[in-house]
Amino acid sequence: MTHFGTNDHSRRNFIKNSAIGIAGMGIAAPFTSVLAVDKTSLQTKKPGIALVGLGSYSTNQLAPALLETKHCYLAGIVTGTKEKEKVWAEKYNIPAKNIYNYDNFESIASNDDIAIIYVVLPNSMHAEFTIKAAKAGKHVICEKPMAVSVKECNDMIKACKDNNVKLSIGYRLQFSPYHEKMINLNKERPFGKVTYVSSQFGFKIGDPTQWRLKKDLAGGGALMDVGIYCVQAARYTYGQEPVALTAQEFKTDRKKFKEVDETITWQMEFPDGSVSNHTTSYSFGTNHLIVSTEKARGILMPAYSYDGLKGSLNNEILDFDAPNQQAVQMDNFALNVLENTESIISGEEGLKDMKVLEAVYKSLASGNKRVNI
Ligand code: NDP
């Protein structure tokens, strides 16, 4: 089980979810575009996706989700581990001509089966493989965090623009009806304006030798990995960009967290003077989003898991039979490609989050000073 998993009821409820949840809640764009609109005419030209990096997320979430997608399918794989080639080829019926490694990756350019590259590598490899994919003429989904610096994000956006391919970041939660409900608190203002956002995401990390604890591969610690969800959530629930922040860092294990951050708290200021408050950690489990408005409060807890999200709004329980986040996310991008539209989770979204992360590290480096974003 991954640190984001809570239970496994979502597939069972997939049909029920899309019909009842969406009609009942008036869900906006991401849901209606994929689940409520008849796209059967597009079935014949489904784009093929190649997953790059067959680790935990590809194995346990993305590949299974690609068995549920309606507008794209798993066409190829890119792996540095020879033994995985046979296992994946057999399990997902992938022909040998669609299997690549990191050294011959660029030759994917001539493979018409593959329209979309999904980069699921350690964070510091995101920029390199996104740029290579763009140069190969392939559309790209890149996992979060988009990269490890603002400069890399800008380079990735430029490479995709220069090569006329689309870029999206793997923010699956923008495709959860629970988060859509929180986003609509600002968009539709049923209870007045949003006045405060509080969010935390942390988990206890295991294996001390893993890449997530190495600065050169991860770029940072808990903040880069899961704190980024809190940044996203504050930005999309306020519907504004933060203008300044102040951050504080705490360590209980200086050996394990020698290279990367263990626990960080930070507060973001928004243009109207309102504030959001956040904690992220690799040492303890915490997982919630609270959105206060003038007249009511929305609460999600857990807020950031793959499934099993729970919450309430104005003291009423939210109970969606939510669809598979990754399947909806990838279907949305496939439709962006097929219909030549822009992803709601574009490279610019990833860049905006990265600007905030850099500002957090800048505040820490300056001795907790308030920094402008
Ligand atoms: P894993 O460690 O499980 O897998 C990473 C894979 O990358 C490896 O299995 C390997 O695949 C490949 N790889 C290539 N070079 C290296 C290297 N030097 N060190 C380690 N692995 C290497 O990571 P995850 O799958 O958990 O995470 C991958 C990315 O996905 C991260 O950016 C993470 O932030 C993101 N992610 C996003 C989630 C979401 O909910 N959106 C959830 C989980 C992760 P191979 O053997 O095939 O070469």
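Our subject is the structure listed above.
This one's a predicted model, so the numbers in the text were calculated from it and none came from an experiment. (Residues numbered from 1 in each chain as written. Predicted model: local features only at pLDDT ≥ 70, side-chain atom pairs only at ≥ 80, totals over all residues. Heavy atoms only, no water.)

1. Some words on the overall build of the protein
Helices and strands together make up the secondary structure of the protein, namely 11 helices and 15 strands. Relative to its full complement of 373 residues, the protein shows a buried share of 58%. By sequence separation, contacts in the protein at least 24 residues apart represent 71% of the contacts at least 6 residues apart. Taken as a whole, the protein presents about 15,500 Å² of accessible surface, with 52% of it coming from carbon and sulfur. (Helix = DSSP H or I, 4+ residues; strand = E, 2+ residues; numbered from the N terminus. Buried < 20%, exposed > 50% of the residue type's maximum accessible area, 1.4 Å probe, protein only. Contact = heavy atoms within 4.5 Å. Areas by Shrake-Rupley, 256 points an atom, 1.4 Å probe, with all protein chains shown as cover.)

2. Some thoughts on the sheet that holds strand β14 (residues 316–318)
Strands sit in the order β14-β13-β12-β11-β7-β10-β9-β8-β15 across an open sheet of 9 strands; the sheet is mixed. Strands with a single pairing partner mark the edges of an open sheet, and in this sheet they are β14 and β15 (371–372). As judged from the 7 bridges shared by strand β9 (residues 263–269) and strand β10 (residues 275–281), these two strands associate in the antiparallel manner. Opposite E269, over in β10, you have V275 as the bridge partner. (Pairing = 2+ DSSP bridges.)

3. Focus: the nonpolar core
Membership of the largest hydrophobic core comes to 85 residues, with the highest contact counts inside it found for I108, I117, L167, W266, L289 and Y304. Here the element with the most residues in this core is helix α9 (residues 222–238); it accounts for 12 residues. When residues are assigned to domains, this core turns out to be shared by domain 1 (8–173 + 327–344) and domain 2 (176–322 + 354–372), each giving three or more. Not counting residues within four places of it along the chain, the set of residues in contact with I117 comprises A50, V52, F105, I108, A133, K138, H139, V140 and I141. Among the nonpolar cores identified, the runner-up in size contains 25 residues, and I94, I99, I141 and V337 belong to it. (Core = buried A, V, L, I, M, F, W, Y, C linked by side-chain atoms within 4.5 Å. Domains from an automatic or database assignment.)

4. Observations concerning the site of the ligand
Looking at the ligand, there are 28 residues lining it, with T79, T81, K84, Y102 and R172 nearest. G55 is positioned with one of its backbone polar atoms (N or O) 3.5 Å from an oxygen atom of the ligand. In this structure, R172 approaches the ligand through a side-chain N or O atom, which is 2.6 Å from an oxygen atom. Cavity membership is defined here by more than half of the atoms lying within 2 Å of grid points; on that basis the ligand lies in the largest pocket. Here the shell around the ligand is built from residues that sort into 13 nonpolar, 9 polar and 6 charged. (Near = heavy atom within 4 Å. Polar contact = N/O pair within 3.5 Å; in protein donor to acceptor, adjacent residues only side chain to side chain. 1 Å grid on protein atoms, 1.4 Å probe; cavity = no way out; pocket = protein on both sides within 12 Å on 5 of 7 lines; lining within 4 Å. Sits in = over half its atoms within 2 Å of the grid points. Nonpolar A, V, L, I, M, F, W, Y, C, P; charged D, E, K, R; others polar.)

5. Side note on the packing of α9 against helix α11 (residues 347–365)
Where α9 meets α11, the axes come as close as 10 Å, and the angle between the chain directions of the two elements is 115°. Between α9 and α11, the crossing angle belongs to the class labelled roughly perpendicular. By crossing handedness, the relation of α9 to α11 is classed as right-handed. Mapping the contact onto sequence places L223, M224, I228, V231, Q232 and R235 in α9 and E349, K352, D353, M354, V356, L357, V360 and Y361 in α11. (Axes fitted to C-alpha atoms, helices over the stretch in contact; angles between N-to-C directions. Parallel < 35°, antiparallel > 145°, perpendicular 65-115°, else oblique. Left-handed = near helix turned anticlockwise from the far one by under 90°.)

6. Some words on the packing of helix α7 (residues 177–187) against α9
In contact at an axis separation of 7 Å, α7 and α9 are set at 45° when each is read in the N-to-C sense. On the basis of their axis angle, the class for α7 and α9 is oblique. Across from H179, M182, I183 and N186 in α7, the residues of α9 making contact are Y236, T237 and Y238. Partitioned by chemical class, the residues of the contact of α7 with α9 number 4 nonpolar, 3 polar and no charged.

7. Things to note about α11
Helix length check: α11 (19 residues) gives 27 Å between terminal C-alpha atoms against 27 Å at 1.5 Å per residue, within 8%. Residues G347, E349, G350, L351, D353, M354, V356, L357, A359, V360, S363 and L364 constitute the buried set of α11. Against α6 (150–162), β6 (167–169), α9, β8 (244–250), β9 and β15 lie the buried residues of α11. Looking at the residues trailing α11, positive phi occurs at G367, about 80°. (Expected span 1.5 Å × (residues − 1).)

8. Re the sheet that holds strand β2 (residues 73–78)
Strand order in the open sheet made by the 6 strands is β3-β2-β1-β4-β5-β6, with parallel pairing throughout. In this open sheet, the two strands that pair with only one neighbour each are β3 (99–100) and β6. Where strand β4 (residues 116–119) meets strand β5 (residues 139–142), 4 bridges bridge the pair, whose relative direction is parallel. Note that in β5 the partner of I116 across the bridge is H139. Contacts from helix α3 (residues 56–65) reach β1 (48–52), β2 and β4 within the one sheet, and its direction differs from that of β1 by about 165°. Contacting β1, β4, β5 and β6, helix α5 (residues 126–135) runs over the sheet at an angle of about 165° to β5.

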